[in-house]
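So you can see what is in the structure, the chains are spelled out below.
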Amino acid sequence: MRQRAMLVANASEHIQRMQKAMMEMNVQLHHVISDITGTTGLAILDAIVAGSRDPHLLAKLRDPRCKNDESTIAKALEGNWREEHVFALKQALELYRFYGSKLSEVDSKLEEHLGTFSDRSDGEILPKLKAPKAGSNSPRFDMRNQLYRVLGVDMTTIDGISGQSAITLISEIGTDMSRWATEKHFTSWLCLCPGSKKTGGKLLSGKTRTSANRAAAALRTAAASLARSNCALGAFFRRIRSRLGSPKAITATAHKLAKIVYGMLKYGREYVDVGNDYYEQQYKKRAMENLAKRAAALNLRVVPNELAG
């Protein structure tokens, strides 16, 4: 998986070089299609490298699913077509495809290696996840069923955890959770816990320790994807973000995801999303109980608005 990440990074670098070559020719293709390595983008790039220069002929290569019409794409393809930039574009495109072929080799090896693990799924087959979009960096094999066979649990049921993030996590932490006595040990190893910098018995800082842990990075990415999700974890993320900002909300949500992953892998617990509305109701209930305790300490009583009016 680390080899795969390196290949993805190298391929991404050559996508940027393709964009640079086009911008130097005043070709603004990346402004009218969402991904220049998608079906439409690659068809147009291949035609440019082959010698086609007519914007309207190039725009006809548009895939029917593309949001912008042919006339809009044609306007973005009116460039100066300098030879040296076309040559740079050609080489970047060839190198992008070369790394793509190496990614396919890595994915085949990865699928083969997963097949060497013992089957813990009792032969059960799960529905396949939606196929990744064209240009996506996700492995092309059925990650959900491969991981379910190895683990005996379906990690993709956790909100924010995709097949890609699940396989990244397993590649870093393994399948044996006995290495960490409790979920607190696990989250501490991931550097997702509040810090405990003390001197003389006084807490100086609760800042989370910095870390290059790849598993923690995968959990942070999963947490960030929950910002607009209509689930309990999404509601938790938004509540923390409203008080402390996005960076701390990502860390707090990643910490919560780590505990869920630990319980699932060590004890086989299933994850059940209680939903956004239920989470908000429970949060309001806890907030009211806390207010009532504080009011009682001051010999006061909390009265809801509908009763106070």
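Each chain has its residues counted from 1, following the order in which its sequence is written. Totals for whole chains, interfaces and linings use every residue, but because this is a predicted model, local features are given only for residues with pLDDT of at least 70 and side-chain atom pairs only at 80 or more, for both listing and counting. Water and hydrogen atoms play no part in the side-chain values, which are based on all heavy atoms of the structure.

Draft legend 1. Looking closely at the pattern of salt bridges. Take a side-chain nitrogen of Lys or Arg and a carboxyl oxygen of Asp or Glu: if they are within 4 Å of each other, that pair is a salt bridge. Enumeration according to the criterion identifies 11 salt bridges in this entry. In this structure, Lys90 engages Glu94 in a salt bridge whose closest nitrogen and oxygen atoms are separated by 2.9 Å. Here Glu94 and Lys90 lie together in helix 5 (residues 83-114), a separation of 4 residues that amounts to about one turn. The buried label applies to any residue whose accessible area, calculated with a 1.4 Å probe on protein chains only, is under 20% of its type's maximum; exposed applies above 50%, and partly exposed to all values in between. For Lys90, a relative accessible area of 32% gives the class partly exposed. For Glu94, a relative accessible area of 45% gives the class partly exposed. Residues Glu105 and Lys102 are paired through a salt bridge, measuring 3.5 Å at the closest nitrogen-oxygen approach. Taken together, the residues Glu105 and Lys102, both in helix 5 and 3 residues apart, mark about one turn of the helix. A relative accessible area of 48% places Glu105 in the partly exposed class. Each helix is a run of H or I in the DSSP string that is no shorter than four residues. Each strand is a run of E no shorter than two, and both are numbered from the N terminus.

Draft legend 2. Structural detail: the packing of aromatic side chains. Centres within 6.5 Å are what make two rings of Phe, Tyr or Trp a pair, Trp counting through its six-membered ring; a difference in plane orientation under 30 degrees is then read as stacked, over 60 as edge-to-face, and the rest as tilted. Under the criterion given, the structure shown has 6 aromatic pairs. Ring centres of Trp180 and Trp189 lie 5.0 Å apart, and the angle between their planes is 50 degrees; on these two criteria the pair is classed as tilted. Note on Trp189: relative accessible area 37%, which makes it partly exposed. Members of the aromatic cluster, each reached through a chain of ring pairs, are Trp180, Phe186, Trp189, Tyr262 and Tyr267. Note on geometry: a ring has a charge over it if NZ (lysine) or CZ (arginine) is within 6 Å of the ring centre and within 35 degrees of the ring normal. Over the aromatic face of Phe236 sits the side chain of Lys256, whose NZ or CZ is 4.6 Å from the ring centroid.

Draft legend 3. Summary view of the packing of helix 9 (residues 214-224) against helix 11 (residues 246-267). Interaxial angle, 0 to 180 degrees, is taken between N-to-C directions of lines fitted to C-alpha atoms, where a helix line uses only the stretch in contact. Contact geometry of helix 9 with helix 11 gives a least axis separation of 8 Å together with a crossing angle of 110 degrees. In terms of orientation, helix 9 and helix 11 fall into the roughly perpendicular class. For the pair helix 9 and helix 11, the sense of crossing is right-handed. Only Ile250, Thr251, Thr253, Ala254, Leu257 and Ala258 of helix 11 make contact with helix 9, whose side of the interface consists of Leu219, Arg220, Ala222, Ala223 and Ala224. Tallied by class, the residues present in the contact of helix 9 with helix 11 amount to 8 nonpolar, 2 polar and 1 charged. Each angle gets one of four labels, with under 35 degrees taken as roughly parallel, over 145 as roughly antiparallel, 65 to 115 as roughly perpendicular, and the rest as oblique. Handedness of a crossing follows from how the near helix is turned relative to the far one, being left-handed for an anticlockwise turn of less than a right angle and right-handed for a clockwise one. Contacts are assigned to residue pairs that have any heavy atoms within 4.5 Å of one another. Residues are grouped as follows: Ala, Val, Leu, Ile, Met, Phe, Trp, Tyr, Cys and Pro are nonpolar; Asp, Glu, Lys and Arg are charged; every other residue, Gly included, is polar.

Draft legend 4. Quick look at the nonpolar core. The set of buried Ala, Val, Leu, Ile, Met, Phe, Trp, Tyr and Cys residues whose side-chain atoms join them within 4.5 Å is what this entry labels a nonpolar core. Core analysis: the largest hydrophobic core is formed by 38 residues, its most contacted members being Met155, Leu219 and Leu265. At the level of secondary structure, the elements contributing two or more residues to this core comprise helix 5, helix 6 (143-151), helix 7 (163-173), helix 9 and helix 11. Core analysis: the second largest hydrophobic core is formed by 34 residues, Leu7, Val8, Ile15 and Tyr96 among them.

Draft legend 5. Structural view of the packing of helix 10 (residues 232-244) against helix 12 (residues 276-297). Running from N to C, helix 10 and helix 12 point in directions that differ by 50 degrees, and their axes come no closer than 7 Å. Compared by their axis directions, helix 10 and helix 12 come out oblique. Crossing of helix 10 over helix 12 shows right-handed handedness. Between helix 10, through Ala232, Ala235, Phe236, Arg238 and Arg239, and helix 12, the contact on the second element is made entirely by Asn276, Tyr279, Glu280 and Tyr283. The residue makeup of the contact of helix 10 with helix 12, split by class, is 5 nonpolar, 1 polar and 3 charged.

Just distances and angles here, no functional claims.
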